[in-house]
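Spelled out from the first residue to the last, the chains are:
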Amino acid sequence: DTEVTQTPKHLVMGMTNKKSLKCEQHMGHRAMYWYKQKAKKPPELMFVYSYEKLSINESVPSRFSPECPNSSLLNLHLHALQPEDSALYLCASSQDHRLLDTQYFGPGTRLTVL
Amino acid sequence: AQSVTQLGSHVSVSEGALVLLRCNYSSSVPPYLFWYVQYPNQGLQLLLKYTSAATLVKGINGFEAEFKKSETSFHLTKPSAHMSDAAEYFCAVSKTNDYKLSFGAGTTVTVRA
C-alpha cells in the first residue's frame, strides 16, 4: 500500500473560522510533509516532520499550525486565514527525510478562504 | 542554491509522437534529480529519479530521462505519447540527503488525437 490519504478533499472557510486538514499514511514512513500549491505553480514546502518531531518550518505564518499526533497522522490546523491562503494543500510522506527516498503524495485538499 | 529550469511551459504533441520535456539544473556538484507528474485534481507522482547510479534512468509509464553533466540537463522523454499522458510535469532537484525539493515551474502536456 503506497497510499497517502487526505481529508477533506475540498474546504471552504471564512477568515474567522478554525479548521483542520488531515493526512494519513500506513506505509511505516517516518517523515511527513506539508506543501502548498497555488494554481499553475509548483508545490512549496511548508513543514517537515521527522520521527514525529517538527524538523523544518519554512517560515510559514503562525495561522498555520502543524501537528503530528503519531507516526501515521499529520494535521494542519488553520486559523484566521487570508484569501491569499486559498490553494491546494498537499501532504507527502517518505521513509526518511533524506530525499533518496521517494516522497509519496496525497491527492490534496483544495482550500478556499472567503 | 539549487535550481531547475524547465524550458517550455506548455508542450502539445500528437498521440503516438515523441514527448520531450526539457530540464536544466544549476549546481556545482551533481545533485539528485527527479521528474514528477501531476494529473488534474491529484497529488504528485514520482516518474523517475537520478541518484548517480546510471545516467539513463527508466521510469514508470514508459518515460525515461538522461542525465548529461556536460549540459547540466535531465530531459524527460517518451517515445510514443498516449492520451493519458496529458498532465503537468515537474522537474525537481535536491542536494545529497537534503530534505528540500526545488521544483521547476512545470510543463503542461496536452496530447492531440
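It should be noted that the structure appears before, not after, this text.
The structure displayed is predicted, hence computed values, not measured ones.

Focus on the overall build of chain A
And then number 1: For chain A, the count of helices and strands is zero helices and 11 strands.
And then number 2: For chain A, the sequential pattern of α-helices and β-strands runs β-β-β-β-β-β-β-β-β-β-β.
And then number 3: Here chain A has a C-alpha radius of gyration of 13 Å; the compact-globule value for 114 residues is 13 Å, and the two agree.
And then number 4: When its C-alpha atoms are laid out on the principal axes, chain A stretches across 40 × 25 × 20 Å.
And then number 5: Residue burial in chain A is summarised as follows: out of 114 residues, 49% are buried.
And then number 6: For chain A, contacts bridging at least 24 residues in sequence account for 55% of all contacts bridging at least 6.

Some words on the sheet that holds strand β3 (residues 19-26) of chain B
Strand-to-strand pairing in sheets goes through backbone hydrogen bonds, with the strands running parallel or antiparallel.
Residues and elements named next belong to chain B.
And then number 1: The antiparallel open sheet is built from five strands, whose spatial order is β1-β3-β8-β7-β6. Only two strands of the sheet have a single neighbouring strand rather than two, namely β1 (3-7) and β6 (56-58). Mean inter-strand twist for the sheet, computed between neighbouring axes without regard to direction, equals 20 degrees.
And then number 2: Where β6 and strand β7 (residues 64-68) come together, three bridges link them in antiparallel fashion.

Re the environment of Leu21(B)
Residue and element names in this part refer to chain B.
And then number 1: On the secondary structure map, Leu21 appears in strand β3.
And then number 2: Using a relative accessible area of 1% as the deciding quantity, one classes Leu21 as buried.
And then number 3: Taking the C-alpha atoms as reference, Leu21 lies 9.3 Å from Ala65; in sequence the two are 44 residues apart.
And then number 4: When near neighbours in sequence (up to four residues on either side) are disregarded, Leu21 contacts Val11, Trp35, His75, Leu76, Tyr89, Thr107 and Val109.

Some words on the nonpolar core
Side chains of a nonpolar character, in soluble globular proteins, are inclined to be buried together.
And then number 1: In terms of nonpolar packing, the biggest core is built from 27 residues, with Trp35(B), Leu48(B), Phe74(B), Leu76(B) and Tyr89(B) touching the most fellow members.
And then number 2: When contributions to this core are tallied by element, the ones reaching two or more residues are β2 (10-14), β3, β4 (32-38), β5 (44-50), β7, β8 (73-78), β9 (87-94) and β11 (107-112) of chain B.
And then number 3: Of all hydrophobic cores here, the second largest spans 23 residues; its members include Met13(A), Met32(A), Met46(A) and Leu74(A).

With respect to the pattern of salt bridges
And then number 1: Scanning all chains against the criterion turns up five salt bridges over all chains.
And then number 2: Glu52(A) is the salt-bridge partner of Arg30(A), the closest N and O atoms lying 2.6 Å from each other. Pair noted here: Arg30(A) is in the loop between β3 (18-25) and β4 (31-37) and Glu52(A) is in the loop between β5 (44-50) and β6 (53-57), with a separation of 22 residues, a long-range link.
And then number 3: You can call Glu52(A) partly exposed: its relative accessible area is 33%.
And then number 4: Close ionic contact of Lys78(B) with Asp85(B) constitutes a salt bridge, the shortest N to O distance being 2.9 Å.
And then number 5: Judged by its relative accessible area of 10%, Lys78(B) is buried.
And then number 6: Judged by relative accessible area, which is 2%, Asp85(B) ranks as buried.
And then number 7: Each member of the salt-bridge network shares a partner with another, and the members are Lys36(A), Arg63(A) and Asp85(A).

What about the pairing of strand β1 (residues 4-7) of chain A?
All names here are of chain A.
And then number 1: Taking every second residue as pointing to the same face, the buried face of β1 carries Val4 and Gln6, while none of Thr5 and Thr7 on the other face is buried.
And then number 2: Where β1 lies against β3, four bridges are found, and the strand directions are antiparallel. Of the residues in β3, the one forming a bridge with Val4 is Gln25.

What counts and how
- Residues numbered from 1 in each chain as written.
- Chains lettered and ligands numbered in written order.
- Predicted model: local features only at pLDDT ≥ 70, side-chain atom pairs only at ≥ 80, totals over all residues.
- Heavy atoms only, no water.
- Helix = DSSP H or I, 4+ residues; strand = E, 2+ residues; numbered from the N terminus.
- Rg over C-alpha atoms; globule rule 2.2 N^0.38 Å.
- Buried < 20%, exposed > 50% of the residue type's maximum accessible area, 1.4 Å probe, protein only.
- Contact = heavy atoms within 4.5 Å.
- Pairing = 2+ DSSP bridges.
- Axes fitted to C-alpha atoms, helices over the stretch in contact; angles between N-to-C directions.
- Core = buried A, V, L, I, M, F, W, Y, C linked by side-chain atoms within 4.5 Å.
- Salt bridge = Lys/Arg side-chain N within 4 Å of Asp/Glu carboxyl O.

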